[in-house]
Amino acid sequence: ISHKVLQKWGRLFDIVHPEHAERSNLNCHMSYTQLVERAGSILQMEPTLDTTQVFDKFLASQAVGEVDAVKILAPLHLRYVAPEELLQLFDFTPLGEEHFSFPDDISRKSLIGNSVNVRVVRALIKYLLTSTDPGENDK
């Protein structure tokens, strides 16, 4: 994540530690990497640092006009979630096993960011198609 983006918008990030990602509400909307506020989660690759303490130090330095205040955030190793990681989170089958492709005229990130986990959809469809009692699906 660029210093310019961190300097201006860093305080608005939804920061997630990778080891907590499956318990967190990790989200990535179609404007991910282009917008910051409400656009998605950012990964903090350095899990030993307290995010709040580091950001408090950054904001205090920024408030007194320190030009290089943004460098305080560098040890957190903040980064966006890669498209390949998003595909894994949504349980898309890796290329080669069952081939899928993305349309050329639509952004790959937009499609991934608006996805639902494939395993969840598969289970819901199976449930709906295998129910024997017509009223059972209304429960």
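Residues numbered from 1 in each chain as written. Predicted model: local features only at pLDDT ≥ 70, side-chain atom pairs only at ≥ 80, totals over all residues. Heavy atoms only, no water.

### Notes on the overall build of the protein chain
Next up, step 1: Looking only at helices and strands, the protein chain features 5 helices and 3 strands.
Next up, step 2: Burial status across the protein chain gives 27% buried among its 139 residues.
Next up, step 3: Pairs at least 24 residues apart make up 62% of the contacts formed inside the protein chain by residues separated by at least 6 positions.
Next up, step 4: Accessible surface computed for the protein chain: about 9,700 Å², of which carbon and sulfur atoms make up 55%. (Helix = DSSP H or I, 4+ residues; strand = E, 2+ residues; numbered from the N terminus. Buried < 20%, exposed > 50% of the residue type's maximum accessible area, 1.4 Å probe, protein only. Contact = heavy atoms within 4.5 Å. Areas by Shrake-Rupley, 256 points an atom, 1.4 Å probe, with all protein chains shown as cover.)

### Remarks on the pattern of salt bridges
Next up, step 1: In the structure shown here, the tally under the stated rule is 1 salt bridge.
Next up, step 2: One salt bridge connects Asp68 with Lys71, and the closest N-O pair in it is separated by 3.9 Å. (Salt bridge = Lys/Arg side-chain N within 4 Å of Asp/Glu carboxyl O.)

### Points about the side chain of Ser61
Next up, step 1: Note on placement: Ser61 falls in helix H2 (residues 51-63).
Next up, step 2: With relative accessibility at 9%, the residue Ser61 sits in the buried group.
Next up, step 3: Discounting chain neighbours no more than four positions away, the residues touching Ser61 are Glu66, Ala69 and Ile72.

### Considering unusual backbone geometry
Negative phi characterises most residues that are not glycine, and trans characterises most peptide bonds.
Next up, step 1: One non-glycine residue with positive phi stands out, namely His77, at about 55°.
Next up, step 2: Its location among the elements puts His77 in the loop between H2 and strand S3 (78-80).

### Quick notes on the nonpolar core
Next up, step 1: Ranked by size, the top nonpolar core spans 12 residues in total: Leu6, Phe13, Ile42, Val54, Phe55, Phe58, Ala69, Val70, Ile72, Leu73, Leu76 and Leu78.
Next up, step 2: Counting residues per element, this core draws most heavily on H2, at 3 residues.
Next up, step 3: Grouped together as the second largest cluster of nonpolar side chains are 7 residues, Leu86, Leu87, Phe90 and Ile112 included. (Core = buried A, V, L, I, M, F, W, Y, C linked by side-chain atoms within 4.5 Å.)

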